[in-house]
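What follows is the residue order along each chain.
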Amino acid sequence: MPFIQVSMAEGRTPDQIRALIHAIHDAAVTIAKAPPEAVTIVVTEVAHDKWATADVTIAERRAQSEP
């Protein structure tokens, strides 16, 4: 019973998120041989001011790159 959790910065369209869920589900079924009905996928979108790498948030990095 795979439980797959994906965290990513917000900004994708519902269609993009749905396509990602579909691709991950297919991979779990094909590669892990999981029964399709047993695969659970949770996608969490994180606001740009709450996602940081190297102590700089996405929002800060984008603000720095704007002219």
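For the structure, check the block above.
Residues numbered from 1 in each chain as written. Predicted model: local features only at pLDDT ≥ 70, side-chain atom pairs only at ≥ 80, totals over all residues. Heavy atoms only, no water.

Caption draft 1: Spatial organisation of the pattern of salt bridges. If you walk through the whole model with that rule in mind, you get one salt bridge. The salt bridge partner of Asp-49 is Lys-50, with a shortest N-O separation of 3.6 Å. In this structure Asp-49 comes out as partly exposed when scored by relative accessible area, which is 48%. Note on Lys-50: relative accessible area 63%, which makes it exposed. (Salt bridge = Lys/Arg side-chain N within 4 Å of Asp/Glu carboxyl O. Buried < 20%, exposed > 50% of the residue type's maximum accessible area, 1.4 Å probe, protein only.)

Caption draft 2: Fine view of the side chain of Thr-57. With respect to the secondary-structure elements, Thr-57 resides in strand β4 (residues 56-57). Dropping the residues within four chain positions of it, Thr-57 is found in contact with His-48, Asp-49, Trp-51 and Ala-52. (Helix = DSSP H or I, 4+ residues; strand = E, 2+ residues; numbered from the N terminus. Contact = heavy atoms within 4.5 Å.)

Caption draft 3: Looking closely at the nonpolar core. Val-6, Ile-24, Ala-28, Ala-34, Val-39 and Ile-41 together form the largest nonpolar core, which totals six residues. Contact partners of Ile-24, with chain neighbours within four places excluded, come to Ile-4, Val-6 and Ile-41. (Core = buried A, V, L, I, M, F, W, Y, C linked by side-chain atoms within 4.5 Å.)

Caption draft 4: Representation of the pairing of strand β1 (residues 3-9) in the model. As judged from the seven bridges shared by β1 and strand β2 (residues 40-46), these two strands associate in the parallel manner. Paired with Phe-3 across the two strands is Thr-40, which belongs to β2. Traced from β1 through helix α1 (residues 14-31) to β2, the parallel crossover comes out right-handed. (Pairing = 2+ DSSP bridges. Right-handed = clockwise from strand over helix to strand, strands pointing away.)

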